[in-house]
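Chain residues, written in single-letter form:
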Amino acid sequence: MATSVQESKGFQPVDILKWVATAIQLVGYGLTGLNIVPWNVFAFFAGIVLWFAVGVMWKDKAIMVVHVGAFVSLLIGYLNA
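These numbers come from a predicted model, not from an experiment.

What counts and how
Residues numbered from 1 in each chain as written. Predicted model: local features only at pLDDT ≥ 70, side-chain atom pairs only at ≥ 80, totals over all residues. Heavy atoms only, no water. Axes fitted to C-alpha atoms, helices over the stretch in contact; angles between N-to-C directions. Helix = DSSP H or I, 4+ residues; strand = E, 2+ residues; numbered from the N terminus. Parallel < 35°, antiparallel > 145°, perpendicular 65-115°, else oblique. Left-handed = near helix turned anticlockwise from the far one by under 90°. Contact = heavy atoms within 4.5 Å. Nonpolar A, V, L, I, M, F, W, Y, C, P; charged D, E, K, R; others polar. Phe/Tyr/Trp six-rings, centres within 6.5 Å; stacked < 30°, edge-to-face > 60°. Buried < 20%, exposed > 50% of the residue type's maximum accessible area, 1.4 Å probe, protein only.

1. A closer look at the packing of helix H3 (residues 39-58) against helix H4 (residues 61-80)
And step 1. At a minimum axis distance of 8 Å, the contact between H3 and H4 shows a crossing angle of 160 degrees. In terms of axis orientation, H3 runs roughly antiparallel to H4. Note on packing geometry: the crossing formed by H3 with H4 is left-handed. On H4, the residues that touch Val 41, Phe 42, Phe 44, Phe 45, Ile 48, Trp 51, Phe 52, Gly 55, Val 56 and Trp 58 of H3 are Ile 63, Met 64, His 67, Val 68, Ala 70, Phe 71, Leu 74, Leu 75 and Tyr 78.
And step 2. Broken down by class, the residue content of the contact of H3 with H4 amounts to 17 nonpolar, 2 polar and no charged.

2. What about the packing of aromatic side chains?
And step 1. Applying the stated criterion to the full structure yields 6 aromatic pairs.
And step 2. In textbook terms, an aromatic cluster arises when at least three aromatic residues are bridged by ring pairs, as seen for Trp 39, Phe 42, Phe 45, Phe 71 and Tyr 78.

3. A few points about the side chain of Gln 25
And step 1. Position of Gln 25 relative to the elements: it lies in helix H2 (residues 13-33).
And step 2. According to the relative accessible area criterion, Gln 25 is buried, its value standing at 12%.
And step 3. Residues within four places of Gln 25 in sequence aside, it is in contact with Phe 44, Gly 47, Ile 48 and Trp 51.

4. A look at unusual backbone geometry
And step 1. Val 37 connects to Pro 38 through a cis peptide bond whose omega is 5 degrees.
And step 2. In this structure, Pro 38 sits in the loop between H2 and H3.
And step 3. Residues other than glycine seldom take positive phi values, yet Asn 35 does so here, at roughly 55 degrees.
And step 4. Relative to the elements of secondary structure, Asn 35 occurs in the loop between H2 and H3.
And step 5. One non-glycine residue with positive phi stands out, namely Lys 59, at about 60 degrees.
And step 6. Examined against the element boundaries, Lys 59 turns out to sit in the loop between H3 and H4.
And step 7. A relative accessible area of 71% means that Lys 59 is categorised as exposed.

Geometry only, nothing functional implied.
If you want it as structure tokens, here you go:
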């Protein structure tokens, strides 16, 4: 049975995306801890969108729902600040 180059290396595009999303979320936490506003919110928005994309790629509705909820909550907070 033939395997793709991605399978033989063990990394799928979703693996890269989830680590990029995680790194961006961690930057958002760091910016929040340093009180660097609104850049912290922008980092969280980017991380949320990327994690939503991971949910779509995995067809994981729980990941999609939690990140839609996070996006809406963050957006409402940002607009009311």
